[in-house]
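# Commentary on secondary and tertiary structure
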Amino acid sequence: MFDSHHKSTGTQYTMTVALLIVAFIFSPAVLILSRPFGYVSVSLALACSALCVAFAWVNWRKYSQLTIPSLETPHARSK
């Protein structure tokens, strides 16, 4: 299943997905559970969500750069 000759492609999506879950699920859930909510709690929830989305975008841009050698198969090198 996992071949030890294959190199990592450099993608690390776990942190990106975790940040998006915090931004779109956890933060709104905490806002809904913290009744009564006013301007301060809505502002904090929006700021937290915006920061998480920004960090997820930066993380995506940083780790989603695939290189041609990382996609190369071991058979192609031997020819």
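Think of each chain on its own: its residues are numbered from 1, step by step along the sequence as written. pLDDT decides what is reported in this predicted model: residues at 70 or higher carry local features, side-chain atom pairs at 80 or more are listed and counted, and totals for whole chains, interfaces and linings draw on all residues regardless. Water and hydrogen atoms play no part in the side-chain values, which are based on all heavy atoms of the structure.

## Re a nonpolar patch on the surface
Exposure above 30% relative accessible area and the lack of any salt bridge qualify a residue for a patch; like charges then connect within 9 Å, and the nonpolar side chains Val, Leu, Ile, Met, Phe, Trp and Tyr within 5 Å. Areas reported here follow the Shrake-Rupley algorithm with a probe of radius 1.4 Å; residue values treat only the protein chains shown as occluding. By salt bridge we mean one thing: a side-chain nitrogen of Lys or Arg within 4 Å of a carboxyl oxygen of Asp or Glu. Nonpolar side chains collect at one region of the surface, where Y13, V17, L20, I21, F24, I25, V53 and W60 lie side by side and expose about 750 Å² of accessible area between them. Within the residue set of the nonpolar patch, elements represented by two or more residues are α1 (14–33) and α2 (39–63). You can see Y13 is positioned in the segment before α1. Where helices and strands are cited, they refer to DSSP runs of H or I of at least four residues and of E of at least two residues respectively, numbered from the N terminus.

## Some thoughts on the confidence of the model for the chain
When pLDDT is averaged along the chain, the result is 78, and 66% of the positions lie at 70 or above. When pLDDT is averaged over each element of the chain, α1 comes out on top at 92 and helix α3 (residues 68–71) at the bottom at 56. A residue's pLDDT is the confidence the predictor assigns to it, expressed on a 0 to 100 scale.

## Description of unusual backbone geometry
The step from R35 to P36 runs through a cis peptide bond, and the omega angle for that step is -15 degrees. Within the secondary structure layout, P36 lies in the loop between α1 and α2.

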